[in-house]
Amino acid sequence: MMYLKNNSNIELINFYKNQIENNFYKFWNKAVDRHNGGIFNCFNNTGTELISKNKYTWSQGRFVWIWSKLYELAKNGKLSLDTKSLNEDLDMTVTFLEKHIYLPNNNCAFLMDEKGNWLESSHGKGYDNSFYADCFVVLGFSAYARVFNNKHYAELALKTYKQIQKRLKDGNIKSEPYPIPNGYKFHSVPMIMLNVAGELALALKVFDIEKYEEVDADSCNYMNEIVQVFYNVDDGIINEVIGPDDISLKSVLCQHFNPGHVIEDMWFVLNLAQKKNNFNYISKAAKALKTAITIGWDDKYGGLLRFTDKIGGKPNGEQIGYAYEKLILETWDTKLWWPHSEMLYATLLAYSLTRDEEFISLYNMVHHYAFKTFPNENDEIGEWIQIRDRKGRPINKVVALPVKDPYHILRSMILILELLGEKLQN
């Protein structure tokens, strides 16, 4: 499917509308907890069995963002979904989260049972295991506040964001399921904070909250950190991990490359650089996007490898005893759903900003692979079988959290609809 002409835009819009309405929404609508609020998403990989009713705050925040955007599109006539049901689900969920997720230290609980009681998880002692959970709460509350014109949740998102900022400044963050070793810089931190600050700034601007300009400036600072600290100018590689000394630079941690993270982050950069008319960063992000796809694409079987070495192929380097190294080495050649869904949107966005037709070819390549490989063979289930081996065969493995997550695929499809709609109007 091409993106160059309006007719193909319409065709692609209808394709993604159908995917959302008759596949993904069908699956996730059945998973909503309409008794307590929130969503059940601890499914097996095929989506046939709910294996737990526990609720990871990480996924609940993501659900709020997705449902808010679906409501917005449906209200504007872009999707044929029940806005009343979406509204009710969201109202119940944000109320549930506000009531239950906040710990005495104002951080967010990592894991709850279905009624909101805090639980310890296998990812660490206590309830406060990952600042990423707090980040997704900010994302969800920001979208809800903006879409429903609810200032209270914009202010609550800002309060949570300030707490995250304080933890980052103090160096007091936990990042389960993969802790960050002391002295190391992980690309994932400015990456998620760029996204979080940008979404929060949109919500604060709606209500003219005075912190809007400060948070907007934060998003630019995170973008600067990504481009100026993690970006290799010569080859366009985004370093996933930067170590504190020469010895660490030879480690698996510092030598590995994460194509999916780079692809996702570069559309974060592209979006903000476009808003700020920063054409230098648009060019750098486009280059990094191409580099990530070139390094990450499996020429033998197709699709994006989960991890590679910076020069491609199996990750190499010395092992220095961190759990993340084991994950890299044991799962590097798996094919995960989320990098492919991110690549669908990132390549279309990059083309819209650069008019570089290579991005059309890259989009077509990932579209063909993703929709050949990931959809569930049982049309009655919907969703994708998300985790595959190198040859594309389904496997039962846990990725980060033991969940099937309602986020990356739907987010990419939502953003593609918005992007294509804008191009048609122009």
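Look up: the structure comes first, before these words.
Residues numbered from 1 in each chain as written. Predicted model: local features only at pLDDT ≥ 70, side-chain atom pairs only at ≥ 80, totals over all residues. Heavy atoms only, no water.

Student: Any chance you could explain the overall build of the protein chain here in plain terms?
Tutor: Within the protein chain one finds 15 helices and 10 strands. Over its C-alpha trace the protein chain gives a radius of gyration of 20 Å, about what one expects of a compact globule, namely 22 Å for 426 residues. Dimensions of the protein chain along its principal axes, counting C-alpha atoms only, are 55 × 50 × 45 Å. Residues counted as buried form 61% of the 426 residues belonging to the protein chain. Across the protein chain, contacts joining residues at least 24 apart in sequence account for 71% of those joining residues at least 6 apart. Here the protein chain displays about 17,600 Å² of accessible surface, and carbon together with sulfur accounts for 47% of that area. For the protein chain, the distance from the average position of its 48 positive side-chain charges to the average position of its 52 negative side-chain charges is 1 Å. (Helix = DSSP H or I, 4+ residues; strand = E, 2+ residues; numbered from the N terminus. Rg over C-alpha atoms; globule rule 2.2 N^0.38 Å. Buried < 20%, exposed > 50% of the residue type's maximum accessible area, 1.4 Å probe, protein only. Contact = heavy atoms within 4.5 Å. Areas by Shrake-Rupley, 256 points an atom, 1.4 Å probe, with all protein chains shown as cover. Lys, Arg positive; Asp, Glu negative; His and termini not counted. Charge placed at Lys NZ, Arg CZ, Asp CG, Glu CD.)

Student: Help me understand the pattern of salt bridges in this model?
Tutor: For the structure shown, the criterion picks out 19 salt bridges. Of the charged contacts in the structure, one is a salt bridge between Arg 167 and Asp 134, with a shortest N-O distance of 3.1 Å. One end of the pair, Arg 167, is in helix α5 (residues 151-170); the other, Asp 134, is in helix α4 (residues 131-148), and 33 residues separate them in sequence. For the residue pair Arg 167 and Asp 134, the accessibility class agrees, reading buried in each case. A salt bridge links Lys 211 to Glu 214; the shortest N-O distance between them is 3.1 Å. (Salt bridge = Lys/Arg side-chain N within 4 Å of Asp/Glu carboxyl O.)

Student: Any chance you could explain helix α12 (residues 323-331) here in plain terms?
Tutor: For an α-helix, the turn length of 3.6 residues means that residues three or four places apart are oriented alike. What α12 keeps buried is the set Tyr 324, Glu 325, Leu 327, Ile 328 and Thr 331. Down the axis of α12, the buried side of the element spans an arc of 165 degrees, and every buried residue falls inside it. Pointing more than 90 degrees away from the buried face of α12 are the exposed residues Ala 323 and Lys 326. Looking at the buried positions of α12, the neighbouring elements they touch are β5 (185-186), α9 (252-255) and β7 (256-257). (Arc of directions from axis to C-beta.)

Student: Honestly, the packing of helix α13 (residues 337-354) against helix α14 (residues 358-373) in this entry has me stumped. Any pointers?
Tutor: Angle between the axes and distance between the axes are the two parameters that describe a pair of packed helices. Packing of α13 against α14 leaves a shortest axis separation of 9 Å and a crossing angle of 160 degrees. Between α13 and α14, the interaxial angle falls into the category roughly antiparallel. Relative to α14, the crossing made by α13 is left-handed. Across the interface between the two elements, His 340, Met 343, Leu 344, Thr 347, Leu 348, Ala 350, Tyr 351 and Thr 354 from α13 touch Phe 359, Ile 360, Leu 362, Tyr 363, Met 365, Val 366, His 367, Tyr 369, Ala 370 and Phe 371 from α14. Classifying every residue of the contact of α13 with α14 by side-chain character gives 14 nonpolar, 4 polar and no charged. (Axes fitted to C-alpha atoms, helices over the stretch in contact; angles between N-to-C directions. Parallel < 35°, antiparallel > 145°, perpendicular 65-115°, else oblique. Left-handed = near helix turned anticlockwise from the far one by under 90°. Nonpolar A, V, L, I, M, F, W, Y, C, P; charged D, E, K, R; others polar.)

Student: What is the right way to look at unusual backbone geometry in this model?
Tutor: Leave glycine aside and you will find that most residues have negative phi; peptide bonds, for their part, are mostly trans. The phi torsion at Asn 106 lies on the positive side, around 75 degrees, for a residue other than glycine. Judged by its relative accessible area of 37%, Asn 106 is partly exposed. The backbone of Asp 208 sits at a positive phi, close to 55 degrees, despite the residue not being glycine. Tracing the sequence through the fold places Asp 208 in the loop between α6 (188-206) and α7 (212-230). Asp 208 sits in the exposed class, given a relative accessible area of 68%.

Student: Help me understand the packing of aromatic side chains, please; the structure alone is not making it clear to me.
Tutor: Each pair of aromatic rings is reported with the distance of its centres and the angle of its planes. The tally for this structure, following the rule as stated, stands at 29 aromatic pairs. Taking 5.1 Å as the distance between ring centres and 80 degrees as the angle between the ring planes, the aromatic pair formed by Phe 15 and Tyr 16 counts as edge-to-face. Per residue, the accessibility class of Phe 15 equals that of Tyr 16, and both read buried. Where Phe 371 meets Trp 384, the ring centres are 5.6 Å apart and the plane angle is 85 degrees; that geometry is what we call edge-to-face. Of this pair, Phe 371 sits in helix α14 while Trp 384 sits in the loop between α14 and β10 (387-388); the two residues are 13 residues apart in sequence, bridging distant segments of the chain. A connected cluster of aromatic rings, assembled from ring pairs, spans Phe 15, Tyr 16, Phe 24, Trp 297, Tyr 369, Phe 371, Phe 374 and Trp 384. Positioned above the aromatic ring of Phe 96, the side-chain terminus of Lys 55 is 4.4 Å from the ring centre. In this structure, Arg 62 is placed above the aromatic ring of Phe 136, and the distance from its NZ or CZ to the ring centre is 4.2 Å. (Phe/Tyr/Trp six-rings, centres within 6.5 Å; stacked < 30°, edge-to-face > 60°. Lys NZ or Arg CZ within 6 Å of the ring centre and 35° of its normal.)

Student: I'm lost on the environment of Trp 67 in this one. Help?
Tutor: Secondary-structure assignment places Trp 67 in helix α2 (residues 57-75). In the structure, Trp 67 is positioned 16 residues away from Thr 83 in sequence and 9.9 Å away in space, judged by C-alpha atoms. Filtering out sequence-adjacent residues up to four positions away, Trp 67 remains in contact with Tyr 25, Trp 28, Asn 29, Val 32, Leu 86, Asp 89 and Leu 90.

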